[in-house]
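This is what each chain is made of:
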Amino acid sequence: PVTVVGGGPAGMEAARRAAELGHRVTLLERADELGGQLRWAAATPPLGHFQRLIDWYRRQLEVLGVDVVLGAEGAAAAGSEVIVATGAETEIPALDGFDRMPTWTLEGLMAGEPATTGRPAPVGRIAIAGGGQRALALALLLAARGSSVVMISADRFGADTSGLARRALLDRCRAADVQLVTGSLGALDSLGLHLADGTQIQCDGLVLAGGMRSVVPAVDGVRIGDALNPADVAAAIAGGRQAAEAI
């Protein structure tokens with residue numbers, strides 16, 4: 001038997017391919033839905049097409065007889081080959097002021113979790129720390145919900161996506177009046193952000209959507225996808241397929 005821990009793109013592909021090769025497969029996902037980080041991406045205006053990918057995997061796993069267990073922590077059956085696809089989460093920068101500025105991670109915001117100060121949802125002018133594809137997509141979502149959005153990134157905005165996709169995302173952000181600021185966060189207080197160069201940005205809330213770190217698995221096994229090295233969806237799927245074919 002094969003146990004896959006984690007139901008993001010890497011885990012879904014590993015489970016699908018292993019079942020296709022004739023293995024008896026159990027897929028454990030701690031959330032109440034499959035998809036991992038794809039779920040949050042699919043909820044944003046420019047990345048809604050990822051929902052079709054999640055739906056396709058869900059159908060494939062059902063057809064192939066994969067035992068999908070939702071709301072489950074990793075606990076593989078004895079004698080099972082274990083593939084760990086626990087994914088990644090937003091890295092929290094070492095900053096002062098999270099107790100004064102309402103702050104969410106991207107995942108926490110999308111899951112409906114309260115901010116560090118207890119505020120239930122972002123209102124007013126919202127800052128996003130991060131400039132990659134997922135941060136730009138989040139900016140468009142918040143702008144569509146009526147927030148004024150400012151993005152802060154030390155790197156080039158959209159650097160993790162292709163030229164045409166990057167241009168389209170940036171054009172949409174500009175059309176939505178999203179402000180793009182190059183810089184690094186220095187500190188937070190109740191009025192806004194202080195960048196490392198001394199610039200002050202007034203805002204009512206902050207969403208962390210920058211670098212990712214692998215989630216440390218609670219079980220031993222072959223680590224794949226973002227649990228091994230945070231990357232893009234294509235790399236995660238390729239890693240899942242390779243792990244299944246190596247069993």
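Higher on the page you've got the structure.
Calculation criteria
Residues numbered from 1 in each chain as written. Predicted model: local features only at pLDDT ≥ 70, side-chain atom pairs only at ≥ 80, totals over all residues. Heavy atoms only, no water. Helix = DSSP H or I, 4+ residues; strand = E, 2+ residues; numbered from the N terminus. Rg over C-alpha atoms; globule rule 2.2 N^0.38 Å. Buried < 20%, exposed > 50% of the residue type's maximum accessible area, 1.4 Å probe, protein only. Contact = heavy atoms within 4.5 Å. Areas by Shrake-Rupley, 256 points an atom, 1.4 Å probe, with all protein chains shown as cover. Lys, Arg positive; Asp, Glu negative; His and termini not counted. Charge placed at Lys NZ, Arg CZ, Asp CG, Glu CD. Pairing = 2+ DSSP bridges. Right-handed = clockwise from strand over helix to strand, strands pointing away. Salt bridge = Lys/Arg side-chain N within 4 Å of Asp/Glu carboxyl O. Core = buried A, V, L, I, M, F, W, Y, C linked by side-chain atoms within 4.5 Å. Phe/Tyr/Trp six-rings, centres within 6.5 Å; stacked < 30°, edge-to-face > 60°. Lys NZ or Arg CZ within 6 Å of the ring centre and 35° of its normal.

Novice: Hey, could you go over the overall build of the chain for me, with residue numbers and the actual values?
Specialist: What the chain contains, in helices and strands, is seven helices and 15 strands. For 247 residues, the compact-globule estimate of 2.2 N^0.38 gives 18 Å, and the C-alpha radius of gyration of the chain, at 19 Å, lies within 12% of that figure. A principal-axis box enclosing the C-alpha atoms of the chain has dimensions of 60 × 35 × 25 Å. Buried residues in the chain amount to 48% of all 247 residues. Looking at the chain alone, contacts between residues at least 24 apart form 66% of all its contacts between residues at least 6 apart. Summed over its atoms, the accessible surface of the chain is roughly 11,700 Å², and 49% of this surface lies on carbon and sulfur atoms. Treating the 21 positive side-chain charges of the chain as one cloud and the 27 negative ones as another, the clouds have centres 6 Å apart.

Novice: Residues and numbers for the pairing of strand S9 (residues 179-182), please.
Specialist: By the bridge criterion, four bridges tie strand S8 (residues 148-153) to S9 in an arrangement that is parallel. Residue pairing across strands places Ile 152 opposite Val 181, the latter belonging to S9. Read from S8 through helix H6 (residues 163-175) to S9, the crossover connection turns out right-handed.

Novice: Explain the pairing of strand S7 (residues 125-129) residue by residue, including any values.
Specialist: Of all five residues that make up S7, four are buried, and the element is covered over most of its length. Relative to S8, S7 is paired through five bridges, and the arrangement is parallel. Bridging from a neighbouring strand, Ala 127 pairs with Val 150 of S8. Handedness of the β-α-β unit built from S7, helix H5 (residues 133-144) and S8 comes out right-handed. Relative to strand S13 (residues 205-208), S7 runs parallel, the two sharing four bridges. Across the sheet, the residue bridging to Ala 129 is Leu 208, located in S13.

Novice: Would you mind going over the pattern of salt bridges in detail, with residue names and values included?
Specialist: If you walk through the whole model with that rule in mind, you get ten salt bridges. Arg 16 is the partner of Glu 20 in a salt bridge, and the nearest nitrogen-oxygen pair spans 3.2 Å. Of the two residues, Glu 20 and Arg 16 both sit in helix H1 (residues 9-20), four residues apart, roughly one turn of that helix. Assessed through its relative accessible area of 9%, Arg 16 is described here as buried. We note a salt bridge from Asp 99 to Arg 100, for which the minimum N-O separation is 3.5 Å. Looking at Asp 99, the relative accessible area reads 58%, which means it is exposed. A residue is classified by how much of its surface remains accessible, and Arg 100, at 43% relative accessible area, is partly exposed. Several salt bridges converge on common partners, so that one network encompasses Glu 13, Arg 16, Arg 17, Glu 20, Arg 241 and Glu 245.

Novice: Could you give an account of the nonpolar core, naming the residues involved and the relevant values?
Specialist: Ranked by size, the top nonpolar core spans 25 residues in total, and within it Ile 128, Leu 138, Leu 142, Val 149, Met 151 and Val 207 carry the most contacts. At the level of elements, helix H4 (106-110), S7, H5, S8 and H6 are the ones that each hand at least two residues to this core. With eight residues, H5 is the single largest residue contributor to this core. Not counting residues within four places of it along the chain, the set of residues in contact with Met 151 comprises Ile 128, Gly 130, Gly 131, Ala 135, Leu 136, Ala 139, Phe 157, Val 178, Gln 179, Leu 180 and Val 181. With 21 residues, the next largest nonpolar core counts Ala 18, Val 25, Leu 34 and Ala 236 among its residues.

Novice: Which residues make up the sheet that holds strand S3 (residues 67-70), and what are the values?
Specialist: Read from one edge of the open sheet, five strands run S3-S2-S1-S4-S15, paired in parallel fashion. Looking at the sheet topology across the chains shown, the edges are occupied by S3 and strand S15 (222-223). Note: strand S1 (residues 2-5) against strand S2 (residues 25-29), four bridges, orientation parallel. If you follow Val 2 over to S2, its bridge partner there is Val 25.

Novice: Which residues make up unusual backbone geometry, and what values do they have?
Specialist: Residues other than glycine seldom take positive phi values, yet Asp 177 does so here, at roughly 60 degrees. The residue Asp 177 is located in the loop between H6 and S9 in this model.

Novice: Run through the packing of aromatic side chains, naming residues and quoting values.
Specialist: Overall, the coordinates contain one aromatic pair when judged by the stated rule. Note on Trp 56 and Tyr 57: the rings are 5.0 Å apart at their centroids and 75 degrees apart in plane angle, and the pair reads as edge-to-face. The lysine or arginine in question, Arg 39, covers the ring of Trp 40, its NZ or CZ lying 4.4 Å from the ring centre.

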